[in-house]
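# Structural overview for review
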Amino acid sequence: MAIPAIKILIVDDDIFVREMLSSILEGSGYTIVTAENGLEALEKCIADSTIDLIVSDVNMPEMDGIQLIKEIRRQGLDVPIIMVTGVSSISVAVDALSSGAIDYVLKDEGIEETINITVKRALAKHQLKLQNLQLIADLAAKTTEQEDTLSYLTAIINNMPDGLLVTNAQARITLANPALGRMFGVNEAGLLNMNCQEVSSGNLAPLFDMICSQLDHPVSVQVELEGGRTGSAVAAAISKKQTSSGRPDEFIGNLVIVRDVTSEKEIERMKDDFLSTVSHELRTPLTSVLGFTKVIRKKLEDVVFPQLRQNDVKTERTVQQINENIGIIISEGERLTTLINDVLDLSKMEAGKIEWKRECTPIPEILEQAIAATTSLFETKGIAIVNNIAEGLPSVSCDRDRIVQVVINLLSNALKFTDSGSVTVTARAASDSDSPGGSVQPSVMVSIVDTGIGIAEKDQQNVFEKFKQVGDTLTDRPKGTGLGLPICKQIVEHHGGEIWVKSCPGKGSRFSFILPLSSVDCA
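Residues numbered from 1 in each chain as written. Predicted model: local features only at pLDDT ≥ 70, side-chain atom pairs only at ≥ 80, totals over all residues. Heavy atoms only, no water.

### Here we look at the sheet that holds strand S3 (residues 53-57)
The strand order across the open sheet formed by five strands is S2-S1-S3-S4-S5, and the pairing between neighbours is parallel. Only two strands of the sheet have a single partner each, and these edge strands are strand S2 (31-35) and strand S5 (103-107). Strand-to-strand, the axes of this sheet are offset by a mean angle of 20 degrees, without reference to chain direction. Looking at chain direction, S3 and strand S4 (residues 81-86) are connected through four bridges and run parallel. Considered in S4, the bridge of Ser56 is made with Met83. Lying over the sheet, helix H1 (residues 15-27) contacts strand S1 (7-11), S2, S3, S4 and S5, oriented at roughly 170 degrees with respect to S2. (Pairing = 2+ DSSP bridges. Helix = DSSP H or I, 4+ residues; strand = E, 2+ residues; numbered from the N terminus. Axes fitted to C-alpha atoms, helices over the stretch in contact; angles between N-to-C directions. Contact = heavy atoms within 4.5 Å.)

Here's what the structure looks like:
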């Protein structure tokens, strides 16, 4: 698409000057329109918005050049104007410039050369002016946008219920919101510009201990708030991206968010107390039900059934149905007992009420004990259990019974969802690439690998959540309480380890956990 030619309006009452200037500028590729005086020029400017530049004489009838400038500006037109003046009237040109002309050119023998130069310079100056005005407008818009954003953020920060504290790279406090002041009973404004190392007393001290140095990863700590309340504080590093230079992100400070968790803690305590009370109240009568049911079954088998008529089809069918019904009562009672025990276990672990008995134990002994406890179940179902434990594994400091519980739980889960093939138990020294969390400390890794139905990728993150079971719970009967794996997770993480799953539907699953060796010397 062709760029339209620049249109110039030449204003002069002398037809010779008009035609001369028109000829010169047309030869340079400009589109020319003319006017005989200022009034005619003003009318043409108002009627034609495509005029890019005016070249005007000063002294003209009806309306002179100075008045033309003033009228054009009064009309709100931003057309650049060049004044053409005689040699003896430079002072008039100065007046024109002060009135708003962009430049001037003298009527002399060199005008044929100077007019083109002056026009180009005037157009360039006007274009630069327009660009500057646009930059100023853009800057004003961005400034307004920034001010609005700052107002929004300030309102959010000042009214958020959580305490907020920000430090710079030198650990000086640059921001503290009113909620933080209320939580700790201090004047938040008084904290500004203080170095976190200067705050060494009161409830704030643990908070600043977290942020006095650069943080490699987010950390959390429980803090005491004003009035004996409890807070949970999370601190994280603030980094500035260096995408253009390709350099590592620049550390510029730390961010701390403090939440009052007193109510949550109280609700959690009430929930634990409720679960504990209900579980105990259920377990006592359930134990009686199971006990008496087993006694009844034994009496029926030893005393009643032998007295019945033999070879009677109806009697044998009734006896079989009674045995099956009693078996269901006992089976469901034991399942409910397991659920209650799991609920109590998990509740105690979450409340920190479990008494852990750490001792240095060889990993092979733990695995062999768990395998021995489940061998009969594997034999009954016809599934092979393969032992693949590396030699020379060091002992670990752990609660032996709890780690055995983890392995038995993983073996039982593998057996439940494996109809053919085998289940393999492996143990070896862990490498950095084994752990999803990138553990770098010496560890032992244990894996339970099955050839069962596998777990869909979308369900793999849910298997360690309480009461979550994979599969279609509307069509598949639950095969457990949904608490076994969460309990395993609690036990492993208490030992400073990690537990995870990798699985492929239709091919099987691999449940793995690692236990660190460096926390306690077992030499």
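### Thoughts on the nonpolar core
Residues Ile363, Leu367, Val407, Leu411, Ile448, Phe511 and Phe513 are the most contacted members of the largest nonpolar core, which totals 43 residues. In terms of residue count, helix H12 (residues 400-416) provides more of this core than any other element does, eight residues in total. Setting aside residues no more than four positions away along its own chain, Leu367 makes contact with Ile389, Val407, Val425, Ala427 and Val446. Ranked by size, the runner-up nonpolar core spans 20 residues in total, among them Leu9, Ala41, Met60 and Ile69. (Core = buried A, V, L, I, M, F, W, Y, C linked by side-chain atoms within 4.5 Å. Buried < 20%, exposed > 50% of the residue type's maximum accessible area, 1.4 Å probe, protein only.)

### Quick notes on the pattern of salt bridges
Taken as a whole and assessed by the stated rule, the structure comprises 17 salt bridges. The closest approach of N and O atoms between Asp162 and Arg259, which form a salt bridge, is 2.7 Å. In this pair, Asp162 sits in the loop between helix H5 (111-159) and strand S6 (163-168) while Arg259 sits in strand S10 (residues 250-260), placing the two residues 97 residues apart along the sequence. Taking the relative accessible area as the measure of exposure, Asp162 reaches 11% and is therefore buried. Here Arg229 and Asp260 are joined by a salt bridge, their closest N and O atoms 2.7 Å apart. Here Arg229, found in the loop between strand S8 (219-224) and strand S9 (230-240), pairs with Asp260, found in strand S10; they are 31 residues apart in sequence, far enough to count as distant. Overall, Asp260 belongs to the partly exposed group, its relative accessible area being 24%. One salt-bridge network, in which partners are shared between bridges, spans Asp12, Asp57 and Lys107. (Salt bridge = Lys/Arg side-chain N within 4 Å of Asp/Glu carboxyl O.)

### Some words on a nonpolar patch on the surface
A grouping of Leu130, Leu133 and Ile136 is seen on the molecular surface, where their side chains present a nonpolar patch of about 260 Å² in accessible area. For Leu133, the location among the structural elements is in helix H5. Classification of Leu133 as partly exposed rests on a relative accessible area of 43%. (Patch = residues over 30% accessible without salt bridge, like charges linked within 9 Å, V, L, I, M, F, W, Y side chains within 5 Å. Areas by Shrake-Rupley, 256 points an atom, 1.4 Å probe, with all protein chains shown as cover.)

### Let's talk about the packing of aromatic side chains
Here the structure, examined in full by the defined rule, presents one aromatic pair. Ring geometry for Phe464 versus Phe511: centroids 6.2 Å apart, planes at 75 degrees, classification edge-to-face. Here the residue Phe464 occupies a position in the loop between strand S15 (443-450) and helix H13 (484-494), and Phe511 occupies one in strand S17 (residues 508-516), the gap between them amounting to 47 residues. A single burial state applies to Phe464 and to Phe511, both of which are buried. (Phe/Tyr/Trp six-rings, centres within 6.5 Å; stacked < 30°, edge-to-face > 60°.)

### Comments concerning the side chain of Thr118
Tracing the chain through its elements places Thr118 in helix H5. Exposure remark for Thr118: the relative accessible area of 3% places this residue in the buried category. Filtering out sequence-adjacent residues up to four positions away, Thr118 remains in contact with Ile82, Asp103, Tyr104 and Val105.

### Quick look at helix H11 (residues 363-381)
Taking 1.5 Å per residue as the helical rise, H11 with its 19 residues ought to reach 27 Å, and the 27 Å between its terminal C-alpha atoms agrees with that figure. At Thr374, H11 shows its strongest bend, of approximately 45 degrees. Along H11, the residues classified as buried are Ile363, Ile366, Leu367, Ala370, Ile371, Thr374 and Phe378. Directly beyond the C-terminal end of H11, a positive phi value near 75 degrees is found at Gly382. (Expected span 1.5 Å × (residues − 1). Bend = angle between axes of the 7 residues up to and from the residue.)

### A look at the confidence of the model for the protein
Mean pLDDT over the protein: 83, with 88% of residues reaching 70 or higher. Counted against residues more than four places away or in other chains, residues 472-478, with its pLDDT under 50, gives four contacts. (pLDDT = per-residue confidence, 0-100.)

### Quick word on the pairing of S10
Here six bridges tie S6 to S10, and the two strands are oriented antiparallel to one another. Paired with Thr167 across the bridge in S10 is Asn254. Where S9 and S10 come together, 10 bridges link them in antiparallel fashion. Within S10, the position partnered with Ala233 by the bridge is Val258.

### A closer look at the environment of Glu465
Assignment of secondary structure puts Glu465 in the loop between S15 and H13. Residue classification places Glu465 among the partly exposed positions, given a relative accessible area of 35%. Remark: the alpha-carbon pair of Glu465 and Leu485, spanning 20 residues in sequence, is separated by 7.6 Å.

### Details of the packing of H11 against H12
Contact geometry of H11 with H12 gives a least axis separation of 9 Å together with a crossing angle of 30 degrees. As summarised for this structure, H11 and H12 are arranged roughly parallel, according to the angle between their axes. Read as a crossing pair, H11 and H12 show a hand that is right-handed. Residues Glu365, Ile366, Leu367, Gln369, Ala370, Ile371, Ala373, Thr374, Leu377, Phe378 and Lys381 of H11 form the contact with H12, whose own contacting residues are Arg400, Ile403, Val404, Val407, Ile408, Leu411, Ser412, Leu415 and Lys416. Taken together, the residues of the contact of H11 with H12 break down into 13 nonpolar, three polar and four charged. (Parallel < 35°, antiparallel > 145°, perpendicular 65-115°, else oblique. Left-handed = near helix turned anticlockwise from the far one by under 90°. Nonpolar A, V, L, I, M, F, W, Y, C, P; charged D, E, K, R; others polar.)

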